Amino acid sequence: MQKKKTPDPIPNKRLREQRELRGWTQEQLAEKVEASAVTVSRWESGILPSLYHRRKLCELFGKSPQELGFIREESNASSLGTLLWPPTIPDEAYYPLPGREQDVNLLLMAMQDAQGPLCIAIDGLGGVGKTSLAVELARRALRQQLFEGVIGESAQQELFTGGEIIQAREAVLDFDHLLDALARQLGRWELPMLKEEEKRLNLARLLRQHRYLILVDNLETAENAAALVAHLRGLLGTSRAIVTSRQQVRHDFVQALSLKELDLEDALLFLRTDMQRRGGHPLLHASEEKLVDIYRVTGGAPLAMKLVIAQARFLDLDLVLKQLRQASGNLYTYIFRRSWQQLAAPAQRVLIYIGRTVMTTVSWEELASVGIAEDEEQLLAAIDQLVAYSLLDVASAAEQQRYGIHQLTRQFVNGELPKLWQEQGLS
């Protein structure tokens, strides 16, 4: 993996001026936004903060991205058109499998219908591909110019309460937080300062005048999903929504799709496609019997199959499958533990950093600035290993590579990994 050459950044005088206006040192600002002083220094030298930190800095200073000098990726919604996309929704890869294609085409027809449902809700267990299908549906709707752009938010396991971050047991999304995210993405930075009802009225007016697709990803609790979707009804106007959730959402204005694991035909095609995209995989010409074994052990869950295929590049497949059959408890926990044990120390540090501190995606510059690896070569090797094990997703935004992880991977880092350390007497 080659890191792209970028021009020298232009110093961000606006951010430095706002910091100095309040009498804060770089260390004090870093503490307020949960970064390092070195990272703040890099921001002021012109390196763009992550989308997560840009949002925190705008909230802290009460300024827009333009006022803080974050102008390279930020723009007014009216000029973005179909380029508008929510920063916290991962650009997940989609494999055009026959069964999935039927689902996408059915839902796209519903979105094309002027009298169709206001909201489409895709529910299912973690790892079955809800986000991938929702993202592909949104992409096709944009290509058909059904909407001016996509806006939205992903539920998170970390919540802001009273100025502090707390760890939630399951990923949730507060409606007021969603309103704030939509307002910022539409360039209406004054709205988050208003009360919730005023924000809702302003956004409802805007969503009647312009047709946007609201994408809400990763809701986990039934209460959160039902309540949030109910709030969307009075907000949408001519706009529409797609929601992904682990729990079913039942409202009269919602068309629901319960996504299951892949059937055998789709699973075999998925495995072949995944190996082809990786290039040079040792199982690329494996017998169908071997692939059927993977399907049976994983139950046809796309994420589990990807993780097993990734392990099979470095470990004996028969041994991997044998141990998975003997594993007790959660399948993903066992798979993640096995992959974790194969990682070099720098790759483990990268995974921990992203899992614990990055709520969306992170840039190369940020990873290089926090001291995870000794040098760029070691960091590149760590990223390559994580990608090879399907533990790290890579996406491009504004000619910049960004890195993120699946929600189940984040849950492993924050929930299961401390248990593993405790078992090993390391905590």
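Whatever comes next refers back to the structure up there.
Fair warning: this is a prediction, and the values are worked out from it, not measured in the lab. (Residues numbered from 1 in each chain as written. Predicted model: local features only at pLDDT ≥ 70, side-chain atom pairs only at ≥ 80, totals over all residues. Heavy atoms only, no water.)

Take His 281: it is sitting in the loop between α11 (264–278) and α12 (288–298). One polar contact links the side chain of His 281 to the main-chain amide nitrogen of Leu 283, over a distance of 3.0 Å. Here His 281 is in contact with Met 275, Ile 309, Ala 312 and Arg 313, once residues within four sequence places are set aside. (Helix = DSSP H or I, 4+ residues; strand = E, 2+ residues; numbered from the N terminus. Polar contact = N/O pair within 3.5 Å; in protein donor to acceptor, adjacent residues only side chain to side chain. Contact = heavy atoms within 4.5 Å.)

With that settled, the discussion passes to the pairing of strand β6 (residues 240–245). Most of β6 is tucked away, with six of its six residues classed as buried. With burial as the criterion, each face of β6 is covered, one bearing Arg 240, Ile 242 and Thr 244 and the other bearing Ala 241, Val 243 and Ser 245. Inspection of the sheet shows strand β1 (residues 119–123) paired to β6 by five bridges, in the parallel sense. Bridged to Ile 122 within β6 is Thr 244. For strand β5 (residues 212–219) and β6, the ladder comprises five bridges, and the chain directions are parallel. Counted as the bridge partner of Leu 219 is Ser 245 from β6. For the crossover that starts at β5, traverses helix α10 (residues 222–236) and ends in the parallel β6, the hand is right-handed. (Buried < 20%, exposed > 50% of the residue type's maximum accessible area, 1.4 Å probe, protein only. Pairing = 2+ DSSP bridges. Right-handed = clockwise from strand over helix to strand, strands pointing away.)

Here we take up the nonpolar core. Ile 294, Ile 354 and Leu 367 are the most contacted members of the largest nonpolar core, which totals 58 residues. With residues near it in sequence (within four places) discarded, Leu 367 still touches Tyr 353, Ile 354, Val 362, Ile 372, Leu 379, Ile 383 and Tyr 403. Residues Cys 119, Ala 121, Leu 203 and Val 229 belong to the second largest nonpolar core, which totals 33 residues. (Core = buried A, V, L, I, M, F, W, Y, C linked by side-chain atoms within 4.5 Å.)

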